[in-house]
2 protein chains.
Amino acid sequence: MTVTDELLANAAQYAATFDKGTLPLPPAKHVAVLACMDARLNPYGLLGLSEGDAHVIRNAGGVVTADELRSLAISQRLLGTTEIILIHHTDCGMLTFTDDGFKTAIENEVGIRPPWAAEAFTDLDADVRQSLRRILEDPFIPVKSSVRGFVYEVESGKLREVH
Amino acid sequence: MTVTDELLANAAQYAATFDKGTLPLPPAKHVAVLACMDARLNPYGLLGLSEGDAHVIRNAGGVVTADELRSLAISQRLLGTTEIILIHHTDCGMLTFTDDGFKTAIENEVGIRPPWAAEAFTDLDADVRQSLRRILEDPFIPVKSSVRGFVYEVESGKLREVH
């Protein structure tokens, strides 16, 4: 039995008491959250989100690449969100390696160098600002009146805004 | 006051009762979930996940582009996950448009055509299989013994495996 099988048993429980079958497609709170995939960062618990409230976009680092710009453009243009909340966090795995080192290790093992940038960073607040700028400079995201960036502190549970 | 401000008040509440400050960086359940950003799909509630359990990667559609392959490679190679759960869902926004139509509309408004594929799809199960194949064929993701794909039914709360 895999962990996936265990989680599927949880999913059966979820369905057994499910009462949210009529929620509309557009997010009720008109918010898109972009956050790191880190296991300790739970956007639902942290922000008090429930089913139907917000788009949640996540990746390694909570960084902004072409795919996050695609998702944000779809979120705003087709589904009416108007605010963006960006969340990085302390003790992030992206602080523990370099793009060159990671990609060279993969190349040495696999024989092919990954075509993507790994998006590692060394300064957490600076990378929040870098990510915010990538959003603010993107020509395909129409609404930028509330694009705010934060660091979630995994040690304290606090969310700190980056200015 | 923006919705973001409201959610920040929730975050302050979360921190006030926070007791998970010693969780380790690697996910306890060694699972990475890749799911659509849809507001109605809550991976924590659905799969019974808590802080520290799993990586959660999300985008418009739950599709697999270079950035998801990057995140999965980092998840497995640096943080020890070994199982992948892919989740698309019924009533997905990605079923409501075409790449060409969406990109032409943007081009007509902005004057620039987005450089990314929008990743719209017409057949939900087929796109789950397409996404699974993109993972299974990727040379940089080392562990593929448990890569499974599902459709979450927003109407019923049920999770259905795609074979």
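An unreviewed UniProt entry lists chain A under the name carbonic anhydrase, from Paractinoplanes tereljensis. Heading Function (unreviewed entry) of the UniProt record for chain A holds this comment: "Catalyzes the reversible hydration of carbon dioxide to form bicarbonate."

A few words now on the UniProt feature "binding site: Zn(2+)" (unreviewed entry) in chain A. Residues and elements named next belong to chain A. According to UniProt, the positions carrying the feature "binding site: Zn(2+)" (unreviewed entry) are Cys36, Asp38, His89 and Cys92. These annotated residues cover 57 residues of sequence, but their C-alpha atoms sit close together, with the largest distance between any two at 8.5 Å. Tracing the sequence through the fold places histidine 89 in strand 3 (residues 83-89). Classification of histidine 89 by relative accessible area gives buried; the value is 0%. Residue contacts for histidine 89: discarding those within four places in its chain leaves Cys36, Asp38, Arg40, Leu41, Leu124, Val151, Tyr152 and Val154. Turning to its location among the elements, cysteine 92 is positioned in the loop between strand 3 and helix 4 (99-110). The class of cysteine 92 is buried, set by a relative accessible area of 2%.

What follows is about the environment of B:Glu51. Along the chain, the position of B:Glu51 falls in the loop between helix 2 (43-47) and strand 2 (54-59). For B:Glu51, a relative accessible area of 11% gives the class buried. Along the chain, B:Glu51 and B:Ala28 lie 23 residues apart, while their C-alpha atoms are 9.3 Å from each other. Not counting the four nearest positions on each side in its chain, B:Glu51 is found in contact with A:Ala39, A:Arg40, A:Asn42, B:Tyr14, B:Lys20 and B:Leu23. A polar contact is formed between the side chain of B:Glu51 and the side chain of A:Asn42, at a distance of 3.3 Å. Side chain to side chain, B:Glu51 and B:Tyr14 meet in a polar contact 2.5 Å long.

A few words on the packing of helix 3 (residues 66-79) of chain A against helix 4 (residues 99-110) of chain B. Helix-helix packing is characterised by the crossing angle of the two axes and by the distance between the axes. Close contact between helix 3 of chain A and helix 4 of chain B brings their axes to 12 Å; oriented N to C, the two are set at 85°. As the angle between them shows, helix 3 of chain A and helix 4 of chain B are arranged roughly perpendicular. Touching A:Ala73, A:Ile74, A:Arg77 and A:Leu78 of helix 3 of chain A are B:Phe102, B:Ile106, B:Glu109 and B:Val110, all from helix 4 of chain B. Across the contact of helix 3 of chain A with helix 4 of chain B, the residue classes break down as 6 nonpolar, no polar and 2 charged.

Bringing the relation of the copies chain A and chain B into the picture now. With an axial shift of 0.0 Å and an RMSD of 0.0 Å, the rotation relating chain A to chain B amounts to 180°. Between the two chains, the operation in question is that of a two-fold axis. No C-alpha of chain A approaches the rotation axis more nearly than that of A:Arg58, which lies at 2.4 Å. A share of 100% of interface residues in chain A that are also interface residues in chain B marks the association as one of identical surfaces.

Here we take up the confidence of the model for chain A. For any part of a model where pLDDT is low, the fine detail of the predicted coordinates should not be relied upon. Chain-level statistics for chain A give a pLDDT mean of 98 and a share of 100% at 70 or above. Interface predicted TM-score (ipTM) for the complex: 0.98; the corresponding pTM is 0.98.

Residue and element names in this part refer to chain A. Within the fold, threonine 90 resides in the loop between strand 3 and helix 4. Among the polar contacts made by the side chain of threonine 90, one reaches the main-chain amide nitrogen of valine 154 at a distance of 2.9 Å. Here the side chain of threonine 90 touches glutamate 155 through a polar contact of 2.9 Å, side chain to side chain. Once you skip the residues sitting within four places of it in the chain, threonine 90 turns out to touch Arg40, Leu124, Val151, Tyr152, Glu153, Val154 and Glu155.

Tallying each qualifying case throughout the model produces 0 disulfides over all chains. A:Cys36 provides the cysteine sulfur closest to A:Cys92, a residue in no disulfide bond, and the two sulfurs are 4.1 Å apart.

What follows deals with the packing of aromatic side chains. One pass over the full model with this rule turns up 12 aromatic pairs over all chains. For the ring pair A:Phe140 and B:Trp116, a centre distance of 6.1 Å and an interplane angle of 80° mean the geometry is edge-to-face. With A:Phe140 in the loop between helix 5 (124-136) and strand 4 (147-152) and B:Trp116 in the loop between helix 4 and helix 5 (124-136), this pair bridges two chains. Judged on exposure class, the residue A:Phe140 and its partner B:Trp116 are both buried. Judged by centre distance (5.8 Å) and plane angle (50°), the rings of B:Tyr14 and B:Phe18 are tilted. Pair check on accessibility: B:Tyr14 and B:Phe18 agree, each one buried. An aromatic cluster of at least three residues, connected via ring pairs, comprises A:Phe97, A:Phe102, A:Trp116 and B:Phe140.

Conventions used here
Residues numbered from 1 in each chain as written. Chains lettered and ligands numbered in written order. Predicted model: local features only at pLDDT ≥ 70, side-chain atom pairs only at ≥ 80, totals over all residues. Heavy atoms only, no water. UniProt positions renumbered as here; feature names shortened; annotations may be inferred. Helix = DSSP H or I, 4+ residues; strand = E, 2+ residues; numbered from the N terminus. Buried < 20%, exposed > 50% of the residue type's maximum accessible area, 1.4 Å probe, protein only. Contact = heavy atoms within 4.5 Å. Polar contact = N/O pair within 3.5 Å; in protein donor to acceptor, adjacent residues only side chain to side chain. Axes fitted to C-alpha atoms, helices over the stretch in contact; angles between N-to-C directions. Parallel < 35°, antiparallel > 145°, perpendicular 65-115°, else oblique. Nonpolar A, V, L, I, M, F, W, Y, C, P; charged D, E, K, R; others polar. Least-squares fit on C-alpha atoms with pLDDT ≥ 70 in both. pLDDT = per-residue confidence, 0-100. Disulfide = S-S within 2.5 Å. Phe/Tyr/Trp six-rings, centres within 6.5 Å; stacked < 30°, edge-to-face > 60°.

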